[in-house]
Each structure stands twice: as structure tokens, then as C-alpha cells.
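What the coordinates show
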Amino acid sequence: MYIHKVQYYETDKMGITHHSNYIRFMEEARTDFLEKMGYGYDRMEREGVISPVTSVSCDFKKSTTYADEIAIEVCVCELSAVRISLIYEMKRGEDTVCIGKSSHCFLNAEGKIISLKRDLPDFYAKMQEILIKE
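The present account deals with the structure reproduced in this document.

Cut-offs applied
- Residues numbered from 1 in each chain as written.
- Predicted model: local features only at pLDDT ≥ 70, side-chain atom pairs only at ≥ 80, totals over all residues.
- Heavy atoms only, no water.
- Helix = DSSP H or I, 4+ residues; strand = E, 2+ residues; numbered from the N terminus.
- Buried < 20%, exposed > 50% of the residue type's maximum accessible area, 1.4 Å probe, protein only.
- Polar contact = N/O pair within 3.5 Å; in protein donor to acceptor, adjacent residues only side chain to side chain.
- Pairing = 2+ DSSP bridges.
- Axes fitted to C-alpha atoms, helices over the stretch in contact; angles between N-to-C directions.
- Contact = heavy atoms within 4.5 Å.
- Arc of directions from axis to C-beta.
- Core = buried A, V, L, I, M, F, W, Y, C linked by side-chain atoms within 4.5 Å.

**Quick look at the side chain of S102**
- Tracing the sequence through the fold places S102 in strand 5 (residues 95–105).
- For S102, a relative accessible area of 1% translates into the label buried.
- Of note is the side chain of S102, whose polar atom sits 2.6 Å from the side chain of Y88.
- Of note is the side chain of S102, whose polar atom sits 2.8 Å from the side chain of H104.

Structural data, given as C-alpha cells:
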């Protein structure tokens, strides 16, 4: 679980958190999630792997404002040898304020897609363990 406290600069003229910031909150939560799993971006980059975002979406449920604390739960919802998708449930107290999703591929230093299963087997195994099974 990652907690983000809404900063004043993240709000618009109406005092509401600007919608573009939720994408940033997702990145913060994803970075924290990966670090806790032992595979922070710094480690992956040292190993010659980068992970660009291939798609992102947000479904806004309720507004947030300055100083609200948003609890963000990150879950792996899709996993293949070359792609991972994450779901982000953002809550203020008991209220869901946003559901987000991001998808990512993994590239080597030359910009070629790599297989997680083959090139990062420990990471792939950890993600497979926590994959949401439907």
C-alpha cells in the first residue's frame, strides 16, 4: 500500500486534484511496489532493462482535494512473457476515488523487447505469484 498526500500545486483553480496527477500517483505507487518486490527501476536499469508504459487509463470516481491522503493498492492483473499490466485502486478512507491501469513492456539497452520469463526469471516468478487470478 502506498500513500500519497495531495499537494497544493496538484490542485486546479477549483481546489480539486487535477486529473493528470493521478497518472503520476500511479507511477509513484508502481515505483514503491517494484522496490518492495526487490525490483526497483534502479536495479532493472543496472541490469540493462527499461520498462516503458505502453498504455494507461484512469476511471475517476470521486474528487480529491489538497491534503487528502490517497491510499493506492497496486495489483498485477495481466502477465505474459513480454508484458505486464497493473491495476491501481486509489482510496480516500473508504471511498474509491480512482481506478487506474497501466501496461508495460520490457526492453534491453538496444531497445529490443525482452522476455521476462527468459531474461528476468526471478522477477517473472514473483509477479506470477501475485497475479490476480480470475
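**Quick notes on the sheet that holds strand 5**
- Spatial strand order, 1-3-4-5-2: five strands in an open sheet with antiparallel pairing. The open sheet has two free edges, formed respectively by strand 1 (2–5) and strand 2 (53–60), since each of these has just one partner strand. Within this sheet the neighbouring strands show an average axis-to-axis angle of 25°, counted without direction.
- Alignment of strand 2 against strand 5, held across seven bridges, turns out to be antiparallel. Bridged to F60 within strand 5 is C98.
- Relative to the sheet, helix 4 (residues 121–130) contacts strand 3 (69–79) and strand 4 (83–92), its axis offset from that of strand 3 by approximately 110°.

**So, helix 4**
- Here helix 4 has its buried residues at F123, Y124 and M127. For helix 4, the buried positions fall inside an angular range of 100° around the axis, keeping them on one side. Set apart from the buried face of helix 4 by more than 90 degrees, the exposed residues are D122 and E129.
- Tucked into the core, helix 4 has its buried residues touching helix 1 (21–36), strand 3, strand 4 and helix 3 (116–119).

**Let's talk about unusual backbone geometry**
- Of note in this structure, A67 is not a glycine but carries a positive phi near 75°.
- On the secondary structure map, A67 appears in the loop between strand 2 and strand 3.
- For A67, a relative accessible area of 32% corresponds to the partly exposed category.

**Regarding the nonpolar core**
- Of all hydrophobic cores here, the largest spans 31 residues; its most connected members are M90 and F123.
- For this core, the secondary-structure elements that each account for two or more residues are helix 1, helix 2 (41–46), strand 3, strand 4, strand 5 and helix 4.
- Of all the elements, helix 1 adds the most residues to this core, at six residues.
- With residues near it in sequence (within four places) discarded, F123 still touches L34, Y39, I84, F106 and L116.

**So, the environment of A109**
- Note on placement: A109 falls in the loop between strand 5 and helix 3.
- Between the C-alpha atom of A109 and that of V49, which follows or precedes it by 60 residues, the distance is 6.4 Å.

These figures capture arrangement, not role.
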